[in-house]
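Architecture and fold: a report
Next come the chains, spelled out residue by residue.
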Number of protein chains: 2
Amino acid sequence: MSVTIKDIAKIAGVSYSTVSKALNDSPLVKPTTKNRILKVAKEMGYEPNFAAQRLVSKQTKIIGLIWPTIERVVLSTLVTNISNEIRKTPYSMILSVEPIPASLEAFKRFQVDGVILFDENIDILIEPTTRPLLVYGVADKVNKYFPIVDPNHEQAMLEAVNYLYSDLGHTKIAYIGDFSNSDRMQMEKLKGFKKAMKHFGLSIAPHFLIDTKGLDWYDGYNAVSKLLENSNHPTAIVGGSYDISGGIIRGIKEKKLQIPNDISIISYDNIPQMANMEIPLTSIGVPVDKLAAEIVRSIIELIENKNLHPSIRKMTPELNIRKSCATIKK
Amino acid sequence: MSVTIKDIAKIAGVSYSTVSKALNDSPLVKPTTKNRILKVAKEMGYEPNFAAQRLVSKQTKIIGLIWPTIERVVLSTLVTNISNEIRKTPYSMILSVEPIPASLEAFKRFQVDGVILFDENIDILIEPTTRPLLVYGVADKVNKYFPIVDPNHEQAMLEAVNYLYSDLGHTKIAYIGDFSNSDRMQMEKLKGFKKAMKHFGLSIAPHFLIDTKGLDWYDGYNAVSKLLENSNHPTAIVGGSYDISGGIIRGIKEKKLQIPNDISIISYDNIPQMANMEIPLTSIGVPVDKLAAEIVRSIIELIENKNLHPSIRKMTPELNIRKSCATIKK
DNA sequence: TTGTATGCGTTATCAC
DNA sequence: GTGATAACGCATACAA
């Protein structure tokens, strides 16, 4: 049986209500006794009973994160960053990898104070829930019940193309990414790329749009190999994700082409790992640490200020220039 | 304010203790009243207060899983399987991706009934904890405090080589894997391979042992490319993991070699995905579902039968013959 | 078969 | 400043 405030009270020679106050650093208790109590508590190895605390306080200080597609690697860096970010606050995080309804159910039982949901999947429509829920995903009309943090893929693509075209002079630009229509984020990227090209009055050769049908390294590798079979090479490639771009680099080198001299490449996803690739990769996207910070800030705000209106927070993608893009040769 | 058993009692016209019994399906309450109460409870949308339940029962029915290296993909399939397995029981699972001490601390606060720890890292020595803890990892002398479920890499390698040599006649066998000495599991595989070769009296050409220095697809790809630069090819390759083997396949095909006619390949890791690769891959290892089942069974046993002695459970790897190995040409 | 009383460990509201 | 005491929502031994 673990030690309770009553045990402490007994050996400290005070009442247990005083112990409670001391433990909560209440100003209503004399510093000397407070210190004495604290000392005793430490000596006895006191650990507050979480269940009892929450029973009376109605608060858990736990945030649940739902990540149903754990086997999709891409988000693990974001999870790590969110976890670190939450550790700076009084809250803790628990993770559920079960399907959304089961996760929601479990978190209801745990009585978490709030929930973060990674919503990659287009066909999941969630009903309003009682407790605060924040979605990380694409802001559109479908999901109207919850605040959303949206990394703004469209603008990211606009800036990628802007950099490639306006700054470096590229016009023959290809996009290699996953066109899967079950993943809203991927769809946004593709849509954003097309829109950006149009915006700058650039046309896209049909074979410059390559569907990797996946998000893994070899998907990018296969895709770029296919792209380069055609003798009409692009001068720049936009890669849809970190892993895909890794494969793209390899595939290009395989063909004895130089990056960035023969082909420039810019990748979506703004994570530090980009700097450690074969060739430090110029990338576009909301920096993962800022993304994590915003997500955590939002859910906590939502928890502590429950009357917040549903809202959309579109983040601002940033361009990270490294060594994979060059000016087009005239 | 949510509905409690007292509310139910009031409108069902019974005492709240009767409600409690009915809700817990006690035989001490008449079926008719039980049904009436259950009906009322459902109508009122009753949800038991978890905190109150655990306060009185001293049980949480939650199992914590510590997975500090979330960014290492390999285990996500296992996590999914464990999650599914736990869902068949009265327990729930929560996941922590924080470093081990922080995770342990958090789980202590949550008062989880038990903890599963993925221990990939050699230099973490854990002290005895108060609550049941099960380690998934390598059983050796270092970790002597806790029961361990060990997938028995050594025997897996023995069987892989046995199959390649005794059944198919290969003698020129290479091993491609991660030699990192910070990951005990990888070390075991390498050690196991060497031991197996020795056991069958087979020698290993120095360049047949390739360190991928990583566990990703392209690590395997790079490694096999290096291996095949040497004109002295092996007739069979043992791949250290699912991802690595994926890269190996690609690298071999790249060289216009046929699998399995020119080179046989067998991969560690026994997960269903092996069947869906470019070439359905013959693999060795404890099937991931059995592994998950054993892990879950063990931790629950540990929880419910607390006086269990520290013990080691070495699992039995299974050979899954698919289409990537062939008899050696005489 | 049902109801009453008690306690789980805490916090909070009072008195003293 | 400090100490009783009443909640919080539930399970359970015991009484009816």
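Let me sum up the structure you'll find in this document. (Residues numbered from 1 in each chain as written. Chains lettered and ligands numbered in written order. Predicted model: local features only at pLDDT ≥ 70, side-chain atom pairs only at ≥ 80, totals over all residues. Heavy atoms only, no water.)

1. Some words on the sheet that holds strand 10 (residues 282–287) of chain B
All names here are of chain B.
- Pairing is mixed across the open sheet formed by six strands, whose spatial order is 7-6-8-9-10-12. The open sheet has two edge strands, strand 7 (209–211) and strand 12 (318–320), and neither has a second partner. With direction set aside, neighbouring strand axes in the sheet form an average angle of 20°.
- One ladder, built from four bridges, connects strand 6 (residues 173–177) with strand 8 (residues 236–239); its direction is parallel. Note that in strand 8 the partner of Ile173 across the bridge is Ala236.
- Where helix 10 (residues 242–254) meets the sheet, its contacts fall on strand 6, strand 8 and strand 9 (264–270), and the angle it forms with strand 9 comes to roughly 160°.
- Strand contacts of helix 11 (residues 288–304): strand 9, strand 10 and strand 12, with the helix running at about 10° to strand 10, the strand carrying the most contacts. (Pairing = 2+ DSSP bridges. Helix = DSSP H or I, 4+ residues; strand = E, 2+ residues; numbered from the N terminus. Axes fitted to C-alpha atoms, helices over the stretch in contact; angles between N-to-C directions. Contact = heavy atoms within 4.5 Å.)

2. Topic: the relation of the copies chain A and chain B
- By a simple turn and slide, chain A fits onto chain B: the slide is 0.0 Å along the axis, the RMSD is 0.2 Å, and the turn is 180°. One copy is carried onto the other by what is essentially a two-fold rotation axis.
- Taken as a fraction of all interface residues of chain A, those also at the interface in chain B reach 100%, which identifies the copy contact as same-surface. (Least-squares fit on C-alpha atoms with pLDDT ≥ 70 in both.)

3. A few points about the protein's contact with DNA strand C
- The environment of DNA strand C is made up of 29 residues, and the closest members are A:Tyr46, B:Ser17, B:Lys21, B:Leu28 and B:Lys30.
- Among the atoms of DNA strand C lying within 4 Å of the protein, the sugar-phosphate backbone contributes 62%.
- At 2.7 Å, a side-chain N or O of A:Tyr46 approaches a phosphate oxygen of DNA strand C.
- In this structure, B:Ser17 approaches DNA strand C through a side-chain N or O atom, which is 2.9 Å from a base oxygen.
- Where the surface near DNA strand C is concerned, the elements lending two or more residues are helix 1 (5–12), helix 2 (16–23) and helix 4 (50–57) of chain A together with helix 2 (16–23) and helix 4 (50–57) of chain B.
- Looking at side-chain class alone, the surface near DNA strand C contains 14 nonpolar, 10 polar and five charged residues. (Near = heavy atom within 4 Å. Polar contact = N/O pair within 3.5 Å; in protein donor to acceptor, adjacent residues only side chain to side chain. Nonpolar A, V, L, I, M, F, W, Y, C, P; charged D, E, K, R; others polar.)

4. Considerations on helix 9 (residues 217–229) of chain B
- Across its 13 residues, helix 9 of chain B extends 19 Å between first and last C-alpha, which sits within 8% of the 18 Å expected from 1.5 Å per residue.
- Of the positions making up helix 9 of chain B, those classed as buried are B:Trp217, B:Asp219, B:Gly220, B:Tyr221, B:Ala223, B:Val224, B:Ser225, B:Leu227 and B:Leu228.
- The inward-facing, buried residues of helix 9 of chain B contact helix 9 (217–229) and helix 10 (242–254) of chain A together with strand 6, strand 7, strand 8 and helix 10 of chain B. (Expected span 1.5 Å × (residues − 1). Buried < 20%, exposed > 50% of the residue type's maximum accessible area, 1.4 Å probe, protein only.)

5. Re the pattern of salt bridges
- Counted under the stated rule, the structure contains 33 salt bridges over all chains.
- In this structure, A:Asp25 engages A:Lys34 in a salt bridge whose closest nitrogen and oxygen atoms are separated by 3.1 Å.
- With a closest N to O distance of 3.5 Å, B:Lys253 and B:Glu278 form a salt bridge. Of this pair, B:Lys253 sits in helix 10 while B:Glu278 sits in the loop between strand 9 and strand 10, and the two are 25 residues apart along the sequence.
- One salt-bridge network, held together by shared partners, links A:Arg250, A:Lys253, A:Glu254 and A:Glu278. (Salt bridge = Lys/Arg side-chain N within 4 Å of Asp/Glu carboxyl O.)

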